[in-house]
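Chain by chain, the residues:
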Amino acid sequence: MTVLELRDVHRTHGSGETVVHALRGITLVVHPHELVAVMGPSGSGKSTLLNLAGGLDSPTRGEVVVDGTVLGECNRKALAALRRRRIGYVFQDLNLLPSLTAAENVALPLDLDGVRHSRTQALDALHEVDLDGYGDRFPDEMSGGQQQRVAIARALIGERRLVLADEPTGALDSQTGEAVLRLLRSKVDAGAAGVLVTHDARHAAWADRVIFLRDGIVIDTSGPLDQPEELLHAP
Amino acid sequence: MSVKHGLLALLERGPMYGYQLRAAFEASTGGTWPLNIGQVYTTLSRLERDDLVRPLPENDTGQRPYEITEQGHAELAKWFSSPVSRADRPRDELAIKLALAMTTPGVDVRAVVQTQRTAAVRTLQEYTRLKTKADDLPWLLVLDNMIFQAEAEVRWLDHCEASLARYEAPEPVVTDTEIEVPR
Ligand SMILES: Nc1ncnc2c1ncn2[C@@H]1O[C@H](COP(=O)(O)OP(=O)(O)O)[C@@H](O)[C@H]1O
Ligand SMILES: [Mg+2]
């Protein structure tokens, strides 16, 4: 069983002289209970990979499969529902809505789906990230670390199968950053699949597998390979 | 660090004999620094020669415990109060290897960098796994030390790679992604 599959995925921007090959043939399989970290220099295609995995962008060539659904074959409505229900996103810019409280921000994906008792679930999720009593605060009444934990709670609420994080620890101090990693790790240990983009090796080390990107291709992997038999056919 | 000061620190807790010292030493380094019993006895005899420890009468099972002396206590206090000197550490083989790789014809320096980076990240993954199982603070901090050192190696490798990229490019082109900084 796999949660995420990228099949020979390419992503090109522009054309002619100004063409940029952001990704040039990425194949990646992520299973439940598995956290994969993506490392690489700036511009190597990390965010592009994550956006494609989350259905926020589409490949120029190749296929992205999430939880058995080929994203390219979905209509917009189905894709939106999949993104809302099955995929959790934690990005560097938190995307918390400033006019909503912490609990309302966390409950938002459930509310959009008409789930009942969303507030109770949101408060439970805030408890998970150690933010008891913060449900009624607005983002600008919280520290950066607390806001990031709200964003994590929102990404982890409900039955998310795939959690995508792009530099989620960016501006956090080392203790708070580690707490964020522990949360991500425990969601994955509970059965989700995770992809974490980071330039921090200490954070990547929480992953079961680390892939190294350069110029849009995977140049190396640390951890179990998708197809271990590849080792036997190494050139 | 020296085994000498390690044993002195353990004896500061109270008298112990060879096997107990070995077990306690390994426990305090989470088993990452295995010590053979021969090393323990040679170190003890040197400590005894320098009057830093003294042997006690054998116990019923024929084991001879050692206790720390006043001088040993003073030596230990001095050790704890002085910084560990960088000059006492061996030169970094990796830095030398990379410098040589750059000046040796036919060596793919970027591949050397990547090989080392993957190894360092793998090591980090192992330490991190150990960390999730650890609950004792001294051991956690020892692990963190190893984690921070491996991380520093990866950062230095990133720095090398970025420098190499600039070095090879005849006309550097500035794009907006090149000035992306961690926020
Ligand atoms: N919308 C876009 N238009 C043109 N080029 C883009 C666009 N998005 C990304 N790129 C280019 O694709 C490459 C990979 O970008 P990105 O995935 O953001 O890298 P990373 O996250 O590793 O820093 C870069 O060269 C970047 O300039
Ligand atoms: Mg990016």
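Residues numbered from 1 in each chain as written. Chains lettered and ligands numbered in written order. Predicted model: local features only at pLDDT ≥ 70, side-chain atom pairs only at ≥ 80, totals over all residues. Heavy atoms only, no water.

Peer 1: Would you mind going over the interface of chain B and chain A with me for this structure?
Peer 2: Put simply, an interface is often sized by how much accessible area is lost when its parts join up. The interface of chain B with chain A comprises 22 residues on the first partner and 26 residues on the second. Contact between chain B and chain A buries roughly 2,000 Å² in total, counting both sides, with carbon and sulfur atoms accounting for 52%. Counting every contact that joins chain B to chain A gives three salt bridges. Residue Lys131 of chain B is joined to Glu178 of chain A by a salt bridge in which the shortest nitrogen-to-oxygen separation is 3.1 Å. Linking chain B with chain A are seven residue pairs in polar contact (both at pLDDT 80 or more), by the criterion used here. Looking at the side of chain B that touches chain A, the element that brings in the most residues is helix 6 (residues 109–133) of chain B, giving twelve residues. (Contact = heavy atoms within 4.5 Å. Buried area = accessible area lost by both parts, 1.4 Å probe. Salt bridge = Lys/Arg side-chain N within 4 Å of Asp/Glu carboxyl O. Polar contact = N/O pair within 3.5 Å; in protein donor to acceptor, adjacent residues only side chain to side chain. Helix = DSSP H or I, 4+ residues; strand = E, 2+ residues; numbered from the N terminus.)

Peer 1: How do you make sense of the sheet that holds strand 6 (residues 87–90) of chain A when you look at a structure like this?
Peer 2: Whether parallel or antiparallel, the strands of a sheet pair through hydrogen bonds between backbone atoms. Residues and elements named next belong to chain A. Reading across from one edge, 6-7-8-3-9-10 is the order of the six strands in this open sheet, with mixed pairing throughout. A strand with exactly one partner marks an edge of an open sheet, and here the two such strands are strand 6 and strand 10 (217–222). For this sheet the average axis-to-axis angle between neighbouring strands, irrespective of direction, equals 20 degrees. In terms of strand pairing, strand 6 meets strand 7 (residues 162–166) through four bridges, oriented parallel. Within the sheet, the bridge partner assigned to Tyr89 lies in strand 7 and is Leu164. (Pairing = 2+ DSSP bridges. Axes fitted to C-alpha atoms, helices over the stretch in contact; angles between N-to-C directions.)

Peer 1: What exactly am I supposed to notice about the sheet that holds strand 4 (residues 61–66) of chain A here?
Peer 2: Here we have four strands laid out as an open sheet, ordered 2-1-4-5 (chain A), and antiparallel in their pairing. Of all the strands in the sheet, the pair left with one neighbour each is strand 2 (20–30) and strand 5 (69–70) of chain A.

Peer 1: Explain the confidence of the model for chain A to me, please; I cannot follow it from the model alone.
Peer 2: Any region with low pLDDT has predicted coordinates that should not be read closely. Scored by pLDDT, chain A comes out at a mean of 89, with 94% of its residues at no less than 70. Long-range and interchain partners of residues 227–235 of chain A, a stretch whose pLDDT sits below 50, account for one contact in this model, where long-range means more than four residues apart. (pLDDT = per-residue confidence, 0-100.)

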